[in-house]
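# Close look at the chain arrangement
Letter by letter, the chains look like this.
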Amino acid sequence: MTELRGWREIPIGGMILEAGNSVEYKTGGWRAFRPVFGEAKCIHCMQCWLFCPDSSILVDPENEKMVGFDLEYCKGCGICASICPVNAKVIRKAGEELARDDPRLCIRMIEEGKFQE
Amino acid sequence: MSKFEALTGNAAVATAMRQINPDVVAAYPITPQTSTVQTFADFVADGLVDTEFVCVESEHSAMSACVGASAAGARVMTATAANGLALMWEILYIAASNRCPIVMSLVNRALSAPINIHCDHSDVMGIRDSGWLILFSENGQEAYDNLIQAVRIAEHPDVLLPVAICQDGFITSHALERVEIYDDADVRAFVGEYKPQWPLLDLEHPKTYGPLDFYDYYYEHKRQQVEAMEHAQRVILEVAEEFNRKFNRNYGLFEPYRLEDAEVAVIVANSTAGTARVVVDRLRDEGLKVGLLKPRVFRPFPAEELADALSHLKAVAVMDRSISFGAMDNAGPLFLELAAALALHGVQVPMADYVYGLGGRDILPHEIERVYRDALKVAETGRVERRVTYLSVRE
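Here the structure is a predicted model, which is why all the values come from computation and not from measurement.

### Remarks on the overall build of chain B
- Per the secondary structure count, chain B includes twelve helices and 15 strands.
- Projecting the C-alpha coordinates of chain B onto the three principal axes gives extents of approximately 70 × 55 × 45 Å.
- Put simply, chain B has 395 residues, and 57% of those count as buried.
- Partitioning the contacts of chain B with sequence separation of at least 6, the portion at a separation of at least 24 is 81%.
- On chain B, roughly 16,400 Å² of surface is accessible, and the fraction owed to carbon and sulfur atoms is 52%.
- Mean positive and mean negative side-chain charge positions of chain B (35 and 55 charges, respectively) differ by 5 Å.

### Brief notes about the packing of helix H1 (residues 9–20) of chain B against helix H6 (residues 140–155) of chain B
All names here are of chain B.
- As a packed pair, H1 and H6 sit with axes 8 Å apart at the nearest point and diverge in direction by 30 degrees. In terms of orientation, H1 and H6 fall into the roughly parallel class. Seen from above, H1 lies across H6 with right-handed handedness. Only Gly140, Ala143, Tyr144, Leu147, Ile148 and Val151 of H6 make contact with H1, whose side of the interface consists of Gly9, Ala12, Val13, Thr15, Ala16, Met17, Gln19 and Ile20.
- Here the contact of H1 with H6 is built from residues that sort into ten nonpolar, four polar and no charged.

### Some thoughts on the interface of chain A and chain B
- On the side of chain B, 18 residues touch chain A, which itself brings 17 residues to the contact.
- Both sides of the chain A and chain B interface together cover about 1,700 Å² of buried area, and 66% of this is carbon and sulfur.
- Here chain A and chain B share zero salt bridges between them.
- Run the count over chain A and chain B and you get six residue pairs in polar contact (both at pLDDT 80 or more).

### Quick look at the pairing of strand S5 (residues 103–108) of chain B
Residues and elements named next belong to chain B.
- Of all six residues in S5, six are buried, a share of seventy percent or more.
- Here S5 shows a buried face lined by Val103, Ser105 and Val107 and a second buried face lined by Met104, Leu106 and Asn108.
- Inspection of the sheet shows strand S4 (residues 76–80) paired to S5 by four bridges, in the parallel sense. Bridge assignment links Met77 to a residue of S5, and that residue is Val103.
- Tracing the backbone out of S4, into helix H4 (residues 82–97) and back to the parallel element S5 gives a crossover that is right-handed.

### Section: the packing of aromatic side chains
Residue and element names in this part refer to chain B.
- This structure, assessed with the given rule, holds 15 aromatic pairs over all chains.
- Taken together through their ring pairs, the aromatic side chains of Tyr144, Tyr182, Phe190, Phe243, Phe247 and Tyr251 make up a single cluster.
- Above the face of the Phe4 ring, Arg178 is positioned so that its terminal group lies 3.9 Å from the ring centre.
- A cation over a ring is seen here: Arg277 above Tyr257, with NZ or CZ 5.5 Å from the ring centre.

### Describing the domain arrangement of chain B
Residue and element names in this part refer to chain B.
- Segmentation of chain B into domains returns domain 1 (3–247) and domain 2 (254–390).
- On a C-alpha basis, the centres of domain 1 and domain 2 stand 28 Å from each other.
- Opposite the 31 residues of domain 1 that make contact, domain 2 presents 26 residues.
- Among the residues domain 1 hides against domain 2, the three largest losses belong to Arg128, Phe136 and Glu138. Together they make up 30% of the total.
- Taking the shortest distance from any N to any O, the salt bridge between Glu138 and Lys294 comes out at 2.7 Å.
- At the boundary of domain 1 with domain 2, the tally comes to 18 residue pairs in polar contact (both at pLDDT 80 or more).
- The dominant element in the side of domain 1 that touches domain 2, judged by the number of residues it contributes, is helix H8 (residues 218–247), at five residues.

### Comments concerning the side chain of B:His121
Residues and elements named next belong to chain B.
- With respect to the element layout, His121 can be found in the loop between S5 and helix H5 (122–125).
- A distance of 2.8 Å separates polar atoms of two side chains, one belonging to His121 and the other to Asp168.
- Apart from residues no more than four positions distant in its own chain, His121 is found in contact with Asn108, Asp168, Ala269, Asn270, Arg321, Ser322 and Tyr356.

### Things to note about the nonpolar core
Residues and elements named next belong to chain B.
- By size, the foremost hydrophobic cluster in this structure holds 106 residues, and its most contacted members are Met63 and Ile148.
- Residue contributions to this core reach at least three from each of two domains, namely domain 1 (3–247) and domain 2 (254–390).
- Among all residues touching Ile148, those that are not within four sequence positions of it are Ala16, Gln19, Ile20, Tyr182, Val187, Phe190, Val191 and Phe243.
- One finds Val279, Val280, Ile368 and Val371 within the second-largest nonpolar core, a separate group that totals 26 residues.

### Quick notes on the pairing of strand S3 (residues 65–69) of chain A
Residues and elements named next belong to chain A.
- Pairing of strand S2 (residues 57–60) with S3 involves four bridges; the strand directions are antiparallel. Paired with Ile57 across the two strands is Phe69, which belongs to S3.
- Between the end of S2 and the start of S3, which pair antiparallel, lie four residues, with Glu64 showing a positive phi angle near 55 degrees.

Thresholds, definitions, all that
Position labels on residues start from 1 in each chain and follow its written sequence. The order in which chains are written sets their letters, starting at A; the order in which ligands are written sets their numbers, starting at 1. Only residues with pLDDT of at least 70 get local features here, since the model is predicted, and only at 80 or more are side-chain atom pairs given and counted; chain-wide, interface and lining totals rely on the full set of residues. Only heavy atoms go into the side-chain values, all of them from the structure, while hydrogens and water stay out. Runs of E in the DSSP output that reach at least two residues are strands. Runs of H or I that reach at least four are helices, and both are numbered from the N terminus. Under the scheme applied here, a residue whose accessible area is under 20% of the maximum for its type counts as buried, over 50% as exposed, and between as partly exposed, the area being computed with a 1.4 Å probe on protein chains only. We call two residues in contact whenever any of their non-hydrogen atoms come within 4.5 Å of each other. Using a 1.4 Å probe, the Shrake-Rupley method yields the accessible areas, and only the shown protein chains count as cover for residues. Charge counting follows a simple rule: Lys and Arg are positive, Asp and Glu are negative, and His as well as the terminal groups are ignored. Taken as the charge location is NZ of Lys, CZ of Arg, CG of Asp or CD of Glu. Helix axes are fitted only over the stretch in contact, all axes being lines through C-alpha atoms; the angle between N-to-C directions runs from 0 to 180 degrees. Just so you know how the angles are binned, under 35 degrees is roughly parallel, over 145 roughly antiparallel, 65 to 115 roughly perpendicular, and the rest oblique. Crossings are classed by handedness, with left-handed meaning an anticlockwise turn of the near helix from the far one by less than a right angle and right-handed meaning a clockwise turn. Charged residues are taken to be Asp, Glu, Lys and Arg, nonpolar residues to be Ala, Val, Leu, Ile, Met, Phe, Trp, Tyr, Cys and Pro, and polar residues to be all remaining types, Gly included. Buried area is a sum: the accessible area each of two parts loses on coming together, probed at 1.4 Å, counted once for each and added. One side-chain nitrogen of Lys or Arg within 4 Å of one carboxyl oxygen of Asp or Glu is enough to make a salt bridge. For this analysis, a polar contact is any N or O atom pair within 3.5 Å, provided that within protein one partner can donate a hydrogen and the other can accept it, and provided that sequence-adjacent residues contribute only side-chain to side-chain pairs. Two strands are said to pair when DSSP picks up at least two bridges between them. Crossover handedness is defined by viewing with both strands directed away from the observer: a clockwise path from the first strand over the helix to the second marks the crossover as right-handed. Within 6.5 Å between ring centres, the rings of Phe, Tyr and Trp (the latter by its six-membered ring) count as paired, and their orientation is classed by plane angle as stacked under 30 degrees, edge-to-face over 60, tilted in between. In this analysis the charged atom, NZ for Lys or CZ for Arg, is taken to sit over a ring once it is within 6 Å of the ring centre and within 35 degrees of the ring normal. Note that domain bounds follow an automatic or database assignment of domains. Remark: nonpolar core denotes a set of buried residues (Ala, Val, Leu, Ile, Met, Phe, Trp, Tyr, Cys) joined through side-chain atoms within 4.5 Å.

Encoded structure:
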């Protein structure tokens, strides 16, 4: 947590006078649902990396593989799980709701409070 | 050399805008302001200014365009009235909070409903907590002079707040009066060149305006606005002093008239102060000790200075051209604020409020005379019989 500054010490009008500082704003605390990575099922298509609005998909640059989530910034929006083509192929029986935490999924969304590693 | 011209208040304001030559004007027509920007649009079309004139589809958009242009680093002006100002309301706060030194000519007109295009002060009183500086003008000359000074006040590094310059709709905005127009070069030298400190268009130093600002910093930014308001009074006086010296005027926070040895005084802003001055002279001829105080600066409110100026009086009558509905005694905002100022500065003087002229209802010398005679009676008895009077309303 950065130390909060007084009104004389900050730019007026809420201006932010430097660029590229969103990295300083850790948004992981906003999360209600946490994405969980099913590594064995991942085909490394990078769709989640492409769609993630917070650049929170971690990729190993050596072998260009998806390796997990940057939970300091991930807001738990679930776009990765919804765009994941492996998730889309999970076969459902007629009338069966696809559960967010279905163990067959590549990316599962699990309630933050109930999450256990 | 300056020259005297017969101009309406709006034409005087448009002339000031031509001389100031702002980078951007974004405005939408609304009676009784329309002829200001219409005249200014002629100046743009005739190539007399370098201004980018932005035609918009509403006042909300006009003020939004002004905020964007001001953040970009431009010197920005606009004009509006009544319902146009009301439609700007959301963005007025954003202009002040983003510290955009926009200058606006506000031609005071009654707010609807019932619909009415004539003068009262209900429009400006609605924005008194918005963070804008607010100055009143008695006539076209003052509207012209105040607009020129407003540029310097708004852009002062210790202020950086938007300024609204008021004049009375139709009474001032459409009446031809003798106005001294200063030399273009003198006005341009007085306003100088605007050097924005944090222009968005400075691509070498990218920055953000208007980001999310939560419980951790929003309050600190509001505190900064208070600081700017506190500096504003000194800056207004400094700018006035320089203006007075250069153009031979006499601007301050307010204008006293025959007040020094007066026993009673009327406080009234904008055009009615001119009528009241005539009444003061007439009553003085009868030997009555009456005076007048005409507020110029309403935001920031010069409470201590007003209390000082009125402390010797035996009765004070405030004239309000609007009502603060539901406020104490359903009085007008000028009365309420002045009453608080006097009370808190230890000035014990009987006060009464006279609401007048709503929706452009004429205010005549004999009515102002009645206010003075009431005040003289209060001075004699020390007792206010009626706190708020709705002057000249038909029963």
